[in-house]
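One letter stands for each residue in the lines below.
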Amino acid sequence: MTVNNFAKTIVFTPPSPQTTGTSIVVVDASVFPNPSVTGNFYAVISPYAEEPSLENAEIVLVTAIVMNTLTIVRQQQSTPAREVKAGDVIFQSLTNSSK
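Report on the accompanying structure.

## Focus on the nonpolar core
The biggest cluster of nonpolar side chains holds 16 residues, and the ones touching the most others in it are Leu 70 and Ile 90. Those elements giving two or more residues to this core turn out to be strand 2 (23–26), strand 3 (41–46), strand 4 (58–66) and strand 5 (69–73). In this structure, Leu 70 is in contact with Thr 22, Ser 23, Ile 24, Val 26, Ala 29, Phe 32, Val 62, Ala 64, Ile 65 and Ile 90, ignoring residues within four places of it in sequence. Core analysis: the second largest hydrophobic core is formed by 5 residues, Val 44, Ala 57, Ile 59 and Leu 61 among them.

## Topic: unusual backbone geometry
With an omega dihedral of -5°, the bond running from Ser 16 to Pro 17 counts as a cis peptide bond. Of note, Met 67 is a non-glycine position whose phi angle comes to about 55°, a positive value. Here Met 67 shows up in the loop between strand 4 and strand 5. If you check the backbone angles, Gln 77 has positive phi at about 55° while not being a glycine.

## Some words on the pattern of salt bridges
Inspection of the entire model under this criterion finds 2 salt bridges. Asp 88 is the salt-bridge partner of Arg 82, the closest N and O atoms lying 2.7 Å from each other. Asp 88 matches Arg 82 in its accessibility class, with the two residues each being buried.

## Focus: the environment of Thr 71
Along the chain, Thr 71 turns up in strand 5. Of the residues examined, Thr 71 reaches a relative accessible area of 33% and is grouped as partly exposed. Remark: the alpha-carbon pair of Thr 71 and Val 25, spanning 46 residues in sequence, is separated by 9.0 Å. Aside from chain neighbours lying at most four places away, what touches Thr 71 is Thr 22, Leu 61, Val 62, Thr 63 and Ala 64.

## Here we look at the sheet that holds strand 5
With antiparallel pairing, the 6 strands of this closed barrel are ordered in space as 1-2-5-4-3-6. Along the sheet, successive strands turn relative to each other by an average axial angle of 45°, direction set aside. Both strand 1 (residues 8–13) and strand 6 (residues 89–92) contribute to a ladder of 3 bridges, which runs antiparallel. If you follow Ile 10 over to strand 6, its bridge partner there is Val 89.

The rules we used
- Just so you know, the residues in each chain are numbered from 1, in the order the chain's sequence is written.
- Side-chain atom pairs in this predicted model are given and counted only at pLDDT of 80 or more, local residue features only at pLDDT of at least 70, and totals for whole chains, interfaces and linings cover all residues.
- No hydrogens and no water enter the side-chain calculation; it runs on all heavy atoms of the structure.
- To form a nonpolar core, buried Ala, Val, Leu, Ile, Met, Phe, Trp, Tyr and Cys residues must be joined to one another through side-chain atoms within 4.5 Å.
- Under the scheme applied here, a residue whose accessible area is under 20% of the maximum for its type counts as buried, over 50% as exposed, and between as partly exposed, the area being computed with a 1.4 Å probe on protein chains only.
- A helix here means a DSSP run of H or I that spans at least four residues, while a strand means a run of E at least two residues long, and both kinds are numbered starting from the N terminus.
- Here a residue-residue contact requires only that any non-hydrogen atoms of the pair lie within 4.5 Å.
- One speaks of a salt bridge when a side-chain nitrogen belonging to Lys or Arg is within 4 Å of a carboxyl oxygen belonging to Asp or Glu.
- Two strands qualify as a pair provided DSSP detects at least 2 bridges between them.
- Convention adopted: a line fitted to C-alpha atoms gives each axis, helices being fitted over their contacting stretch, and angles between N-to-C directions are expressed from 0 to 180 degrees.

Right, dumping it as structure tokens:
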């Protein structure tokens, strides 16, 4: 797994439905490593102006990126699905399952 320093962007179009959808459009996916080259990676989605916590954030696994569209696997590492909204922040993160 490759980690890009400070890899963070904004959700432009949330998944549909917002708590179970697996495709998300972001403002700038170029900040993230390419999963097809370097492997899947974990990311955290949380409200823009809030510190991520167990109450307001979800860990996802990013498995593909095409242009600015990310394919994600939801509810990773026992985090509950949350209602992802336009304007939320998504950032690459090391987690206790990162390899």
